[in-house]
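Fold and contact review
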Amino acid sequence: MSTRRERRAQEVKSRMVDAGVALLAERELTDFSVDDICEKADVAKKTFYNYFANKEALFADLIQRLIFEVNADIFDRAEERFSSFAERVHYVIDENNAMRQHYGETERRYFRAGIKEIASNKEQILCLYGFFEAYFQRWCEQGQASGELTRMVAPASMARMAAAGLLDVNQSWMNNPAYPLLQRHKEYAVFLCEFFGSWDAEQERAAGCNLAAYILPLVDDAEKKQHLLAQIDRRKKLMEQQ
């Protein structure tokens, strides 16, 4: 049970986060300061710095709690309720879409601010990727054991690809307000289930050759598309040698 002091600290922190989100709903991150947050939350500037290094860190904390607490619950439910990789992935995507269907410009702004701050910290970004990779790797291992997923790719590699792709789809939405996030989420779920499915060698070669048609439409960033094309080209050359 939390103490009165701990409850008070959490209440003060929540007020500052709420103030930051409210200000971000009105203007861009560059258009308000720590002083503005403190004034709106009715706290001293010294108090703010007892909790956060800067205003970006406030949003990073918010995003980390949303990702780790909310998604941990969703991923755990998927694992408890379903046994197949496909059912789990579609459940996770559907639950995330249910949460995000009402997201607007405010949510996009604080996700962008928070992820930018997290990405500047190697330990935090590795923790973020590691969170998703741990679930995906366990599901891929179980999917291979049941025969649902291909054995031609190591579970760790599949998990890295699944996590990176999911985060890339969300990054595209953060950078582009017109990006169809819910639709791309569903397309990515279908892609993962088909691409990781149990194949023979001929199907593996065919899938490798068609990988660009599957995944490139999901990525909105031109530089990332070029990187993916280079990876796909290397993969196709390796398959042709088999």
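Keep in mind that this is a model prediction, so the values were computed, not measured.

Here's the deal with the nonpolar core
Core analysis: the biggest nonpolar cluster contains 64 residues, and Phe-59, Phe-85, Phe-132, Phe-136 and Phe-196 have the highest contact counts within it. Elements with a minimum of two residues in this core: helix H1 (4–26), helix H2 (34–41), helix H4 (55–81), helix H5 (85–100), helix H6 (105–119), helix H7 (122–146), helix H8 (155–175) and helix H9 (181–195). Sequence-distant contacts of Phe-132, defined by excluding residues within four places in its chain, comprise Ile-67, Asn-71, Phe-75, Ala-163, Leu-166 and Leu-167.

Side note on the confidence of the model for the protein
Considering every residue of the protein, the mean pLDDT works out to 83; 81% of them sit at 70 or more. No element of the protein has a lower mean pLDDT than helix H10 (residues 201–209), at 52, and none a higher one than H5, at 95.

With respect to the packing of aromatic side chains
Tallied over the full model, the rule gives 22 aromatic pairs. Aromatic pair Phe-85 and Phe-196: ring centres 5.9 Å apart, planes at 55°, arrangement tilted. In this pair, Phe-85 sits in helix H5 while Phe-196 sits in the loop between H9 and H10, placing the two residues 111 residues apart along the sequence. Each member of the aromatic cluster is reached from another via a ring pair, and the members are Phe-68, Phe-75, Phe-131, Phe-132, Tyr-135, Phe-136 and Trp-139. Here Lys-55 stacks its cationic end above the ring of Phe-32, 5.3 Å away from the centre of that ring.

Some points on the pattern of salt bridges
Pairing between side chains becomes possible if they bear opposite charge and their charged atoms approach one another. This model, assessed by the stated rule, comprises 15 salt bridges. A salt bridge links Glu-11 to Arg-8, with the shortest nitrogen-to-oxygen separation between them at 2.9 Å. One end of the pair, Glu-11, and the other, Arg-8, are both in helix H1, 3 residues apart, so they sit about a helical turn from each other. Residue Glu-11 is classed as partly exposed on the basis of its relative accessible area, which comes to 33%. Residue Glu-95 pairs with Arg-77 through a salt bridge whose shortest N-O separation is 2.9 Å. One end of the pair, Glu-95, is in helix H5; the other, Arg-77, is in helix H4, with 18 residues separating them in the sequence.

Rules used throughout
Residues numbered from 1 in each chain as written. Predicted model: local features only at pLDDT ≥ 70, side-chain atom pairs only at ≥ 80, totals over all residues. Heavy atoms only, no water. Core = buried A, V, L, I, M, F, W, Y, C linked by side-chain atoms within 4.5 Å. Buried < 20%, exposed > 50% of the residue type's maximum accessible area, 1.4 Å probe, protein only. Helix = DSSP H or I, 4+ residues; strand = E, 2+ residues; numbered from the N terminus. Contact = heavy atoms within 4.5 Å. pLDDT = per-residue confidence, 0-100. Phe/Tyr/Trp six-rings, centres within 6.5 Å; stacked < 30°, edge-to-face > 60°. Lys NZ or Arg CZ within 6 Å of the ring centre and 35° of its normal. Salt bridge = Lys/Arg side-chain N within 4 Å of Asp/Glu carboxyl O.

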